[in-house]
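Fold and contact review
Here is what each chain is made of, one letter per residue.
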Amino acid sequence: MRRCPWVRNELDQRYHDTEWGVPCYDDRVLFEFLILEGAQAGLSWATILAKRENYRSALHGFDPVSIARYTSRDSERLLGNPGIVRNRLKIAATIANAQACLRVQAEYAGRGGLAGYLWQFVDGRPVTNRCRMPAEVPTRSAVSDALSKDLKRRGFKFVGSTICYAFMQAVGMVNDHLVECFRHAEVQSAGDPAPGRDRFRSVDSRRPEEPA
């Protein structure tokens, strides 16, 4: 069974085989990956993946409503947590991104929330690439450029084009499993919903003022 060559350990394998590239339409999970991909800036994904459960514990399960209410005391709590990346700018960005996420959810209430906003950049369907070698896999695209620009306009931080492209790979907006990887075909099939399926039915479209 062939896998993408970046898989090097059991944690990588579990993530690769069950999550990476699978189309995601759930706001909470999408927000989680926005934060994690931003936290990765300057680091390896393996580092962030190893800290993922610590992030979930530290950030109220990546609930944007809770995070948007964080105060300076919460920031200091996070800066003292050895289980996450203790970078003041990234922690401030996490709070700012939660607030921006709520604004997007409010704007796109009834239209898919955060998921509806993000997936419109690929017209609601995953982009399937057919790369055969790791060197062929892009690190950015015209879509990630556009997404980055619009996220920044909306107040999101740590959302450069390369980060956005990695995010798109993670949540299945683009399928970048190598063609020889057994997951390429499986993920492609996962991107073809059954007739009549509501892609965004699991989206959390709470307004900013609604409780968690």
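Sequence order sets the numbering: in each chain, residues are counted from 1 along the sequence as written. The predicted nature of this model means local features are confined to residues of pLDDT at least 70 and side-chain atom pairs, given and counted, to a pLDDT of 80 or more, with totals for whole chains, interfaces and linings taken over all residues. Remark: hydrogens and water are excluded; side-chain values derive from all non-hydrogen atoms of the structure.

1. Section: the overall build of the protein
The test is simple: Secondary structure elements are defined from DSSP: runs of H or I of at least 4 residues count as helices, runs of E of at least 2 residues count as strands, and each element is numbered from the N terminus. The size measure is the radius of gyration over C-alpha atoms, and the globule rule it meets is 2.2 Å times the number of residues to the 0.38 power. Only protein chains enter the accessibility calculation, which uses a 1.4 Å probe; a residue is then buried when its area is under 20% of its type maximum, exposed when over 50%, and partly exposed in between. In what follows, residue pairs with any heavy atoms lying within 4.5 Å of each other are defined as contacts. In this description, accessible areas are obtained by the Shrake-Rupley approach with a 1.4 Å probe, and a residue is regarded as covered only by the protein chains that are shown. Lys and Arg are tallied as positive, Asp and Glu as negative. Neither His nor the chain termini are counted. In plain terms, the charge of a residue is placed at NZ if it is Lys, CZ if Arg, CG if Asp and CD if Glu.
Secondary structure assignment for the protein yields eleven helices and two strands. Computed over the C-alpha atoms, the radius of gyration of the protein is 17 Å, within 12% of the 17 Å expected from 2.2 N^0.38 for a compact globule of 212 residues. Residue burial in the protein is summarised as follows: out of 212 residues, 50% are buried. Partitioning the contacts of the protein with sequence separation of at least 6, the portion at a separation of at least 24 is 70%. Only carbon and sulfur atoms are counted for the fraction: they give 51% of the accessible area of the protein, which is about 10300 Å². Averaging the positions of the 31 positive and the 25 negative side-chain charges in the protein gives two centres separated by 3 Å.

2. Topic: unusual backbone geometry
Of note in this structure, His60 is not a glycine but carries a positive phi near 50°. Mapped onto the elements of the fold, His60 is located in the loop between α4 (52–58) and α5 (64–68). On the basis of relative accessibility, which here comes to 49%, the residue His60 falls in the partly exposed class. In this structure, Asp123 is a non-glycine residue whose phi angle is positive, near 60°. Considering the arrangement of structural elements, one finds Asp123 in the loop between α8 (113–119) and β1 (127–128).

3. Focus: the packing of aromatic side chains
We apply this condition: Paired rings are identified among Phe, Tyr and Trp, the last through its six-membered ring, by centres lying within 6.5 Å, and are further divided according to the angle between planes into stacked (under 30 degrees), edge-to-face (over 60) and tilted (the rest).
Counting across every chain of the model gives eight aromatic pairs. Measuring from centroid to centroid gives 5.1 Å for Trp6 and Trp20, while their planes differ by 80°, and the two rings are edge-to-face. A residue pair is termed long-range when its members are at least 10 positions apart, and Trp6 in the segment before α1 (10–18) and Trp20 in the loop between α1 and α2 (27–39) qualify at 14 residues. On the basis of relative accessibility, which here comes to 29%, the residue Trp6 falls in the partly exposed class. Residue Trp20 is classed as buried on the basis of its relative accessible area, which comes to 9%. Relative to Phe121, the ring of Tyr117 lies with its centre 5.4 Å away and its plane at 85°, an arrangement referred to as edge-to-face. Grouping aromatic residues by their ring pairs yields a cluster made of Trp6, Tyr15, Trp20, Phe33 and Trp45.

4. Considering the packing of helix α9 (residues 142–153) against helix α10 (residues 161–170)
Operational definition: The axes are straight lines fitted to the C-alpha atoms, using for helices just the contacting stretch, and the angles between their N-to-C directions are given from 0 to 180°. In this scheme, roughly parallel covers angles under 35 degrees and roughly antiparallel covers those over 145, while 65 to 115 is roughly perpendicular and the rest are oblique. Throughout, a crossing is termed right-handed when the near helix is turned clockwise from the far one, and left-handed when it is turned anticlockwise from it by less than a right angle. Residues are grouped as follows: Ala, Val, Leu, Ile, Met, Phe, Trp, Tyr, Cys and Pro are nonpolar; Asp, Glu, Lys and Arg are charged; every other residue, Gly included, is polar.
Where α9 contacts α10, the two axes come as close as 8 Å, and the packing angle between them is 110°. The pairing of α9 with α10 is recorded here as roughly perpendicular in orientation. Seen along the crossing, α9 lies across α10 with a hand that is right-handed. Packed against α9, whose contacting residues are Val143, Ser144, Asp145, Leu147, Ser148 and Leu151, the element α10 presents Ser161, Cys164, Tyr165 and Met168 at the interface. Among the residues forming the contact of α9 with α10, the class breakdown is six nonpolar, three polar and one charged.

5. Focus on the confidence of the model for the protein
Defined as follows: Residue-level confidence of the predictor is what pLDDT reports, using numbers from 0 through 100.
In the predicted model, the protein carries a mean pLDDT of 92, and 90% of its residues have values of at least 70. Under a pLDDT of 50 for its full length, residues 194–198 has, in the predicted model, one contact with residues more than four places off or in other chains. Throughout residues 201–212 the model reports pLDDT below 50, and contacts reaching past four residues in sequence, or to other chains, amount to 31 contacts.

6. Quick look at the packing of α2 against helix α7 (residues 88–107)
It is the contact of α2 with α7, at a shortest axis distance of 10 Å, that shows an interaxial angle of 150°. Judged on the interaxial angle alone, α7 and α2 are roughly antiparallel. Here α2 and α7 pass one another in a crossing that is right-handed. Between α2 and α7, the contacting residues are Asp27, Phe31, Ile35, Gly38 and Ala39 on the first element and Lys90, Thr94, Asn97, Ala98, Cys101 and Gln105 on the second. Across the contact of α2 with α7, the residue classes tally to five nonpolar, four polar and two charged.

7. Examining α7
Where we set the bar: The span one expects for a helix is its residue count, reduced by one, times 1.5 Å. We call two N or O atoms a polar contact when they sit within 3.5 Å, provided that within protein one can donate a hydrogen and the other can accept it, with sequence-adjacent residues counted only if both atoms are side-chain atoms.
With 20 residues, α7 should reach 28 Å at 1.5 Å per residue; the first-to-last C-alpha distance of 29 Å fits that figure. With a side-chain oxygen lying 2.9 Å from the backbone nitrogen of Leu89, the N-terminal cap of α7 falls on Asn87.

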